[in-house]
Amino acid sequence: MRAVLAIGLTALLLGACETAGNNVAGTADYDALKQAHDKCAAQGGELVLKDQGDPTYIQDYVCKVK
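Residues numbered from 1 in each chain as written. Predicted model: local features only at pLDDT ≥ 70, side-chain atom pairs only at ≥ 80, totals over all residues. Heavy atoms only, no water.

Topic: the confidence of the model for the protein
Inference 1: Put simply, the protein has an average pLDDT of 79, and 65% of its residues get 70 or more.
Inference 2: Here residues 8-13 is a poorly scored stretch, pLDDT under 50, and it has 0 contacts once near neighbours within four places are set aside; other chains count.
Inference 3: Low confidence marks residues 15-20, where pLDDT is under 50. Its contacts with residues over four positions away, or in another chain, come to 2 contacts. (pLDDT = per-residue confidence, 0-100. Contact = heavy atoms within 4.5 Å.)

As structure tokens, then:
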């Protein structure tokens with residue numbers, strides 16, 4: 001019973017970390033793209049995918065200033 005409870009608590013805590021913006025994997029999820037877009041827009045730029053970039057990775061996006 002303790003093992004099941006420990007696993008459930010661990011899963012809950014890990015889920016909370018994921019929603020807190022700790023994107024360790026570098027995936028281009030909604031939150032990462034929104035944050036990058038907002039930061040780029042504040043600089044007067046547009047967030048675009050690099051040439052031959054993978055749209056699933058946030059590091060493949062760049063801010064192009066107009």
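Digging into the environment of Thr27
Inference 1: Along the polypeptide, Thr27 turns up in the loop between α1 (2-19) and α2 (30-42).
Inference 2: Looking at Thr27, the relative accessible area reads 32%, which means it is partly exposed. (Helix = DSSP H or I, 4+ residues; strand = E, 2+ residues; numbered from the N terminus. Buried < 20%, exposed > 50% of the residue type's maximum accessible area, 1.4 Å probe, protein only.)

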